[in-house]
Amino acid sequence: MHNRSGITVVPNIAANPTIGGQLGIKAVAGRRLGTDSNTLFSVGATSASITTKGIIYFYINHNIFTPGNKWNFQGNR
């Protein structure tokens, strides 16, 4: 059983007629909280981008499971 996934960073390239071309970076990390082998893996992700129309875009997502899956916290910002 692994408790940690490390951090994965990848480039973000996209295009959309509304916002134009988009260039940025994304990062994802995960970890199992506690020692209970039934606890699901918790993950968090973030992204920062800028578009050809001058729009700056940033988000953070998370899906966190406490030991034994007693609580699950999910969110987007």
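For the structure itself, look to the data block above.
Residues numbered from 1 in each chain as written. Predicted model: local features only at pLDDT ≥ 70, side-chain atom pairs only at ≥ 80, totals over all residues. Heavy atoms only, no water.

1. Things to note about the environment of glycine 75
Note the following rule: Secondary structure follows DSSP: runs of H or I at least 4 residues long count as helices, runs of E at least 2 residues long count as strands, and numbering of each begins at the N terminus. Throughout, a residue-residue contact means that at least one pair of heavy atoms, one from each residue, lies within 4.5 Å.
Take glycine 75: it is sitting in strand S5 (residues 72-76). Once residues lying within four places of it in the same chain are set aside, the contact partners of glycine 75 are Ile60, Asn61 and His62.

2. Comments concerning the packing of aromatic side chains
Going by this rule: Stacked, tilted and edge-to-face pairs are distinguished by plane angle, under 30 degrees for stacked and over 60 for edge-to-face with tilted covering the rest, among Phe, Tyr and Trp rings (Trp via its six-membered ring) whose centres lie within 6.5 Å.
As enumerated under the stated definition, the model contains two aromatic pairs in all. Ring geometry for tryptophan 71 against phenylalanine 73: centres 6.2 Å apart, planes inclined by 10°, an arrangement best described as stacked.

3. So, a nonpolar patch on the surface
Applicable threshold: A residue counts toward a patch only above 30% relative accessible area and without a salt bridge, and it is joined to like-charged neighbours within 9 Å or, for Val, Leu, Ile, Met, Phe, Trp and Tyr, to nonpolar neighbours within 5 Å. To be clear on the numbers: accessible area is Shrake-Rupley with a 1.4 Å probe, and residue cover counts the displayed protein chains and nothing else. Just to be clear on terms, a salt bridge is a Lys or Arg side-chain nitrogen sitting within 4 Å of an Asp or Glu carboxyl oxygen.
A contiguous nonpolar patch, built from Ile7, Val9 and Ile25 and spanning about 300 Å² of accessible area, is present on the exposed surface. Its location among the elements puts valine 9 in strand S1 (residues 4-16).

4. As for the environment of proline 67
The criterion, for reference: Only protein chains enter the calculation, and the probe is 1.4 Å; a residue is then buried if its accessible area is under 20% of its type maximum, exposed if over 50%, and partly exposed in between.
For proline 67, the position within the fold is in the loop between strand S4 (56-65) and S5. Residue class for proline 67 comes out partly exposed when judged on its relative accessible area of 48%. In this structure the C-alpha to C-alpha distance between proline 67 and glutamine 22, which are 45 residues apart in sequence, comes to 38 Å. Once residues lying within four places of it in the same chain are set aside, the contact partners of proline 67 are Leu33, Gly34 and Thr39.

5. Details of the pairing of strand S3 (residues 42-51)
As a reminder of what qualifies: Strands qualify as paired when DSSP identifies two bridges or more between them.
The pairing of strand S2 (residues 20-31) with S3 spans 10 bridges and is antiparallel. Across the sheet, residue leucine 23 finds its bridge partner in S3, namely isoleucine 50. Two elements, S3 and S4, share eight bridges in a ladder whose sense is antiparallel. Its bridge partner being in S4, serine 47 is matched across the sheet by tyrosine 59.

6. Here's the deal with the side chain of threonine 39
Positionally, threonine 39 belongs in the loop between S2 and S3. Judged by its relative accessible area of 1%, threonine 39 falls in the buried class. Filtering out sequence-adjacent residues up to four positions away, threonine 39 remains in contact with Arg32, Leu33, Phe65, Thr66, Pro67, Gly68 and Asn69.

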